[in-house]
Amino acid sequence: MDTGTKTRVLYGVHGYGRGHAARAQAVLPELTRRYDVLVLAGDDAFDQLRRDWPVVRIPTLRYYADRRGRRSALRTVRHNLPGLADLLLAGPGLQMVIGEMRRFAPAVVLSDSEGWTHHAARRLGIPRISFDHFGVLVHGRIEMPALDRLVLWCESRMYRFLTCRPERVIAAAFFPAEAKSGNVRMVGPIIRAEARRLAPTDDGSVLAYFSNAKANFTPAVEQSLRECGAAVKVYGPSRPAGADGNLEFRPIANEPFLADLASCRAVVATAGNQLISEAIHFGKPVLAMPEDSLEQRLNARTVARWGVGMETRPAALPAGLLREFLSRRDEFAGKIAAHRRDGLSEALAAIDRAVGELAPAAK
C-alpha cells in the first residue's frame, strides 16, 4: 500500500521511565506497516525509540526524588509546575506540538499517558485513543485497600487532566480487569518483538533490577544478594560494569537485558508492569520489591496472590526471604503458565477498530 493512501496516526509516548517506550517498541513495527505514523516522545522514551524510528522530541513531566532517593510529591509538583502551566496556558511546548500536528495532519492521535499530544489534539479537534497501563486503574474495576483507593482518587485527577477524556481507551496490564464503560478495552501485557524472539532457558542466575537504585539498592539489599548462593546480574545501580564477587553489575541496554531475563532462573526487582509482564512471558518467578507507588503495590500483590512469586517491602530484602524465594522457585514457576497472556494482537486489533471508528469522523 502506498504511504500516501494510509491513514495518518500521530503517536505520543510519555518520556519518563522505560515502560511507555517498551510498549511503543512492541506495537510500532506493525503500526508503521498499517498506518502513516509520526512519533512524538520526550526524555527516556525519545532516547529509547530514536534508534529505530524518526521521533520528534517534546516536553516531559517526571517524578522527582528527595535527598534519600525516595519519590517526593512536593519536589515532583514543584519541578513540574512549568510544564503544567505550559499545558494549561498553551505555552511554547504545547504550541510546538500543535504545529507538528498541523503539519502532519493526523486523522487520529494515539497517546501513551502523554499530556502534550492529548491537549494539542483536543484543541485541534482530532479524535484521540488513550493507550497505556495506568488506565487499567482508572477505567477498570479493581479491588484494593481503602487507603490505596484514596491514593487512586488523587492520582486519577492528574491522569484525567493529562488525558482529557479521550474518545477511546485501550488499557494494557498483565492482570485482568473489568472495564467500567463501553469505550474502554482491556488488553493483556504488550510483549516486545525482541522478547518474543527469545526462547527461555535457565542458567541458574538471578536477575536483579532496580528502577530507582539510589532508594532501593540499599546496603541490606546488596548484602542479601551477595549471600543468596547464586550468580546475580544487577541492573540499575551506578556501579562500574563488571563482576564483584557473585554480583555482576551490568549497564542498562534493551537486548542484553532481555537476553539475561530470558536465561535467568528467577527475578528480584522493583514491581513495574512491563518487567513483570516479560518475566511471566519467559516463565520466571518474581520477588517483587514495589516502589512507593500505587501501581507497583498492586503489581506486587498480584504476583503474591497468583503464587508466581513473592513480595517484600520497598528497599527491604531479608536474606531469609530471598533464600526461601529461591528454594520455592519451581513451585512458583509451575503456576505461571495459567497467567501467561500475550496482549499484542489484542492491542493491535483494538487500535485498528478505534482508528476505523474515529478516522471517518476526523475526515
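As the structure is a prediction and not an experimental result, all values here were calculated from the model. (Residues numbered from 1 in each chain as written. Predicted model: local features only at pLDDT ≥ 70, side-chain atom pairs only at ≥ 80, totals over all residues. Heavy atoms only, no water.)

### Some details on the packing of aromatic side chains
When we look at a pair of aromatic rings, we describe it by the centre distance and by the angle of the planes.
Then step 1. As enumerated under the stated definition, the model contains 9 aromatic pairs in all.
Then step 2. On the numbers, 5.6 Å between centres and 70° between planes, the contact of Y209 with F257 is edge-to-face. Taken together, the residues Y209 in strand 10 (residues 206-209) and F257 in helix 11 (residues 254-263) connect sequence positions 48 residues apart.
Then step 3. When the ring centre of F104 is taken as origin, the NZ or CZ atom of R8, which lies over that ring, is 5.4 Å away. (Phe/Tyr/Trp six-rings, centres within 6.5 Å; stacked < 30°, edge-to-face > 60°. Helix = DSSP H or I, 4+ residues; strand = E, 2+ residues; numbered from the N terminus. Lys NZ or Arg CZ within 6 Å of the ring centre and 35° of its normal.)

### Description of empty space enclosed by the protein
Then step 1. Across all of its chains, the model carries 2 cavities of 30 Å³ or more by this definition.
Then step 2. A volume near 50 Å³ is recorded for the largest cavity.
Then step 3. Lining of the largest cavity is provided by H14, G15, P59, T60, L61, S113, E114, G115, W116 and L162.
Then step 4. Tallied by class, residues from the lining of the largest cavity come to 4 nonpolar, 5 polar and 1 charged.
Then step 5. Roughly 30 Å³ of internal volume is contained in the second largest cavity.
Then step 6. Forming the walls of the second largest cavity are F174, P189, S277, I280, H281, H339, R340 and R341.
Then step 7. Class assignment for the residues of the lining of the second largest cavity results in 3 nonpolar, 3 polar and 2 charged. (1 Å grid on protein atoms, 1.4 Å probe; cavity = no way out; pocket = protein on both sides within 12 Å on 5 of 7 lines; lining within 4 Å. Points joined across faces, edges and corners; volume = space filled by probe spheres on them. Nonpolar A, V, L, I, M, F, W, Y, C, P; charged D, E, K, R; others polar.)

### What to know about the sheet that holds strand 16 (residues 309-311)
The strands making up a sheet associate through backbone hydrogen bonding, with each pair oriented either parallel or antiparallel.
Then step 1. Ordered by their spatial adjacency, 7 strands build an open sheet running 12-13-11-10-14-15-16, and the pairing between neighbours is mixed. The open sheet terminates on both sides in strands that have one partner only, identified here as strand 12 (242-244) and strand 16. In this sheet, adjacent strand axes meet at a mean angle of 20° when their direction is disregarded.
Then step 2. By the bridge criterion, 3 bridges tie strand 12 to strand 13 (residues 247-250) in an arrangement that is antiparallel. Bridging from a neighbouring strand, D244 pairs with L247 of strand 13.
Then step 3. Along the sheet, helix 11 contacts strand 10, strand 11 (232-235), strand 13 and strand 14 (266-269); its crossing angle with strand 11, the most-contacted strand, is approximately 145°.
Then step 4. Sheet strands touched by helix 13 (residues 294-306): strand 15 (286-288) and strand 16. Its angle to strand 16, the strand with the most contacts, is close to 135°. (Pairing = 2+ DSSP bridges. Axes fitted to C-alpha atoms, helices over the stretch in contact; angles between N-to-C directions. Contact = heavy atoms within 4.5 Å.)

### Quick word on the environment of T117
Then step 1. Inspection of the secondary structure assignment puts T117 in helix 5 (residues 115-124).
Then step 2. For the pair T117 and F210, spaced 93 residues apart in sequence, the C-alpha separation works out to 30 Å.
Then step 3. Those residues in contact with T117 that sit more than four places away from it in its chain are L10, G12, L40, I58, V97, M101, V109 and S111.

### Side note on the packing of helix 4 (residues 92-104) against helix 5
Then step 1. Packing of helix 4 against helix 5 brings their axes to within 9 Å, and their N-to-C directions diverge by 60°. Considering the relative orientation of helix 4 and helix 5, their crossing is right-handed. Contacts between helix 4 and helix 5 involve G93, L94, V97, I98, M101 and R102 on the former and, on the latter, W116, T117, H119, A120, A121, R123 and L124.
Then step 2. Here the contact of helix 4 with helix 5 is composed, by residue class, of 8 nonpolar, 3 polar and 2 charged. (Left-handed = near helix turned anticlockwise from the far one by under 90°.)

### Notes on unusual backbone geometry
Then step 1. A positive phi angle, close to 45°, is found at D43, a residue other than glycine.
Then step 2. Inspection of the secondary structure assignment puts D43 in helix 2 (residues 43-49).
Then step 3. When its relative accessible area of 25% is taken as the criterion, D43 is described as partly exposed.
Then step 4. With phi around 55°, A90 is a residue other than glycine that occupies positive phi space.
Then step 5. Tracing the backbone through its elements, the reader meets A90 in the loop between helix 3 (73-89) and helix 4.
Then step 6. On the accessibility criterion, A90 (16% relative accessible area) is buried. (Buried < 20%, exposed > 50% of the residue type's maximum accessible area, 1.4 Å probe, protein only.)

### Some details on the side chain of Q274
Then step 1. Mapped onto the elements of the fold, Q274 is located in helix 12 (residues 273-281).
Then step 2. The residues touching Q274, leaving out its near neighbours within four places in the chain, are G19, A22, R23 and I190.

### A word on the sheet that holds strand 7 (residues 168-172)
Then step 1. The sheet built from 7 strands is open, its strands ordered 3-2-1-4-5-7-9 with parallel pairing. Each of the sheet's edge strands pairs with one partner strand only, and the pair in question is strand 3 (55-57) and strand 9 (184-187). When the angles between neighbouring strand axes are averaged without regard to direction, this sheet yields 20°.
Then step 2. Across the sheet, helix 1 (residues 19-34) lies against strand 1 (8-13), strand 2 (36-41), strand 4 (108-112) and strand 5 (128-132), angled at about 165° from strand 1, the strand it touches most.

### Thoughts on the side chain of H139
Then step 1. Position of H139 among the secondary structure elements: in helix 6 (residues 135-139).
Then step 2. Under the relative-accessibility criterion, H139 is labelled buried at 14%.
Then step 3. Excluding residues that lie within four positions of it along the chain, H139 makes contacts with Y159, R160, V169, E178, A179, K180, V184 and M186.

### Brief notes about the environment of V268
Then step 1. Inspection of the secondary structure assignment puts V268 in strand 14.
Then step 2. Each C-alpha atom of the pair V268 and W306 lies 17 Å from the other, and the pair is 38 residues apart in sequence.
Then step 3. When residues no more than four places from it in sequence are discounted, the contact partners of V268 are V206, L207, A208, Y209, L287, M289, L317, L322 and F325.

Scope: geometric values only; no functional claims are made or implied.
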